[in-house]
Every structure is written in C-alpha cells, then in structure tokens.
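Chains, contacts and geometry: an overview
Take a look at the letters that make up each chain.
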Amino acid sequence: MTQDRRVRKSQQAIKLSFLQLLKEVCFEDIKVQQLADLADINRGTFYAYYVDKYDLLETMENEKIDALQMFIENQHKEGAEETPTNVVESIMSYLVEHIDDNINFYQMMFTIGKASMLQEKLYRLIYNHLSAYKGKDNKIGNMPFDYFMSYVSGAGISILKHWVEDEHRITKEEFVQHFYNIVTVGTIGIVKQSM
C-alpha cells in the first residue's frame, strides 16, 4: 500500500514536472535529468516507470484517451434505449468537463506539435464512437462514412482546440451549448437563427 502510494506520488510528480517544463522548453529540448530534478527524484526512478520522454508523453495521452473511451463505452451500453442525440449530449458534456479538469495538459498537447499524437487519438475515439451508427453499406444516412467522419472529426477537434487555446475562453457550459447546437442544428440552421 505504501509502495503504491509512493509510486503514484513519483509518477504524479514526473507528469506535473513535464507539463511545467513544456511551458518553458520545447519538447525536443527537454532532458530526463531536467524532469528528474524538477520532480525531485533521481533518473533511475524516472526510468523505472518510463523508457524515455516519448514514453511518458504517450502514457499521459493514453491515460486521458482511455478515460474518455471508457465513458463512451459505458454510454453506449447504458444508453441503448436513448436517442443518439441524448448520447451525444452526454458524451459531449463529459468530454468538455474532462478537458476543463485537465486544461493544462490539453493546452500543452495542442501546442507541442508533431511530438503529440493526441489529435490522432481523439480522431480515432470519434471514429470508433460514430462507427456504431453507420450501416452495413459503410454509410451514415446516405453519405459515405469516411466523408462524414472527415467533416465531423475535423470540425469537432478544431472547435475543441480553439476553446482550449482561447485566452478568453467561454465557460464550459456555454461551450457545450454551442457545440451541441452546431452538432444538432448545423451551420445553416445557426445562420438562419441569426437572420
């Protein structure tokens, strides 16, 4: 029990130090020794948990994606009787809450460039979720699923990224409302609302 707590504490210190360093140094320039010094651990402790900084980065991304994936899977199981719009609203609310709770992480991941695979992992998450609604003909409605996915994932990830990076970001409640409105009403519907 004490060992587990010590391990968790060390790993948490490493992750927090990593995010702190990313605010000051570009990813490519971060050294394991810098991480160890800032986390107040020795290099051996770092290497006991991670192969290198790339492994640390991937582990941190996967932890966030796994949490989202688990929630989405539970929504599909529990929401079998619900309409897709209710499931989407529930997932969207959880996603925004999750990102807000981990805002420093997402801000860093969206700014470090190609080193982060987070956007690709979010794409795969959306793809897997929406695949539940496609037909045997690989279409959703009467649209080829890949075209649908290209639009939905591109727009969805782009608006999430904008919200995360916005220095004057709107509240998460407002964001969920606008995001949900775009998804359910569509761009033309929103334009018509303002006419």
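Since we're looking at a predicted model, the values are computed, not measured.

With respect to the overall build of the protein
Secondary structure assignment for the protein yields 9 helices and 2 strands. Ordered by position in the sequence, the α and β elements of the protein form the string α-α-α-α-α-α-α-β-β-α-α. Each of the three principal axes of the protein carries a C-alpha extent, and together these read 60 × 35 × 30 Å. The 195 residues of the protein split such that 35% are buried. Within the protein, counting contacts between residues at least 6 apart in sequence, those at least 24 apart form 59% of the total. Of the roughly 11900 Å² of accessible surface on the protein, 53% is carried by carbon and sulfur atoms. For the protein, the distance from the average site of its 21 positive side-chain charges to the average site of its 28 negative ones is 4 Å.

Topic: the environment of Gly44
Among the structural elements, Gly44 can be located in helix α3 (residues 43-49). In this structure Gly44 comes out as partly exposed when scored by relative accessible area, which is 47%. Between the alpha carbons of Gly44 and Gln33 there is a distance of 10.0 Å; along the sequence they are 11 residues apart.

Comments concerning the packing of helix α7 (residues 118-131) against helix α8 (residues 145-165)
Helix-helix packing is characterised by the crossing angle of the two axes and by the distance between the axes. Here α7 crosses α8 at 130 degrees, and the two axes come no closer than 10 Å. When the axes of α7 and α8 are compared, the pair comes out oblique. Both α7 and α8 take part in a crossing whose hand is right-handed. Contacts between α7 and α8 pair Gln119, Leu122, Tyr123, Ile126, Tyr127, Leu130 and Ser131 from the former with Phe145, Asp146, Phe148, Met149, Val152, Ser153, Ile157 and Lys161 from the latter.

A short note on helix α6 (residues 103-111)
Listed as buried for α6 are Ile103, Phe105, Tyr106, Met108, Met109 and Phe110. Two residues or fewer after α6 comes Gly113, characterised by a positive phi angle close to 80 degrees.

With respect to the side chain of His98
Turning to its location among the elements, His98 is positioned in helix α5 (residues 84-101). With a relative accessible area of 8%, His98 lands in the buried category. At 2.7 Å, the side chain of His98 forms a polar contact with the side chain of Tyr106. Filtering out sequence-adjacent residues up to four positions away, His98 remains in contact with Lys64, Ala67, Leu68 and Tyr106.

Description of the nonpolar core
The biggest cluster of nonpolar side chains holds 46 residues, and the ones touching the most others in it are Phe18, Leu22 and Met109. If near-sequence neighbours (up to four positions away) are discounted, Phe18 is found in contact with Phe27, Ile30, Leu35, Leu56, Leu57 and Met60. Formed by 5 residues, the second largest nonpolar core is a distinct cluster that contains Tyr127, Leu130, Ile140 and Phe145.

What to know about α7
End to end, α7 covers 20 Å across 14 residues, agreeing with the expected 20 Å (1.5 Å per residue, within 8%). Among the residues making up α7, those that are buried are Leu118, Lys121, Leu122, Leu125, Tyr127, His129 and Leu130.

A closer look at the UniProt feature "DNA-binding region" (unreviewed entry) in the protein
Sites flagged by UniProt as "DNA-binding region" (unreviewed entry) map to residues 31-50. The distance from the first to the last C-alpha atom of residues 31-50 is 13 Å, and the span holds 75% helix and 0% strand.

Looking at the packing of α8 against helix α9 (residues 172-193)
Interaxial distance between α8 and α9 falls to 12 Å at its minimum, and their mutual angle equals 160 degrees. As judged from the angle between their axes, α8 and α9 are roughly antiparallel. With respect to the hand of their crossing, α8 and α9 are arranged in right-handed fashion. Seen from α8, the contacting residues are Tyr151, Gly156, Ile159, Leu160 and Trp163; seen from α9, they are Lys172, Phe175, Phe179, Ile182 and Thr187. Class assignment for the residues of the contact of α8 with α9 results in 7 nonpolar, 2 polar and 1 charged.

Looking at unusual backbone geometry
Backbone geometry at Asp40 places phi at a positive 60 degrees, although glycine is not the residue there. Of note, Asp40 is situated in the loop between α2 (32-39) and α3.

How each quantity is defined
- Residues numbered from 1 in each chain as written.
- Predicted model: local features only at pLDDT ≥ 70, side-chain atom pairs only at ≥ 80, totals over all residues.
- Heavy atoms only, no water.
- Helix = DSSP H or I, 4+ residues; strand = E, 2+ residues; numbered from the N terminus.
- Buried < 20%, exposed > 50% of the residue type's maximum accessible area, 1.4 Å probe, protein only.
- Contact = heavy atoms within 4.5 Å.
- Areas by Shrake-Rupley, 256 points an atom, 1.4 Å probe, with all protein chains shown as cover.
- Lys, Arg positive; Asp, Glu negative; His and termini not counted.
- Charge placed at Lys NZ, Arg CZ, Asp CG, Glu CD.
- Axes fitted to C-alpha atoms, helices over the stretch in contact; angles between N-to-C directions.
- Parallel < 35°, antiparallel > 145°, perpendicular 65-115°, else oblique.
- Left-handed = near helix turned anticlockwise from the far one by under 90°.
- Polar contact = N/O pair within 3.5 Å; in protein donor to acceptor, adjacent residues only side chain to side chain.
- Core = buried A, V, L, I, M, F, W, Y, C linked by side-chain atoms within 4.5 Å.
- Expected span 1.5 Å × (residues − 1).
- UniProt positions renumbered as here; feature names shortened; annotations may be inferred.
- Nonpolar A, V, L, I, M, F, W, Y, C, P; charged D, E, K, R; others polar.

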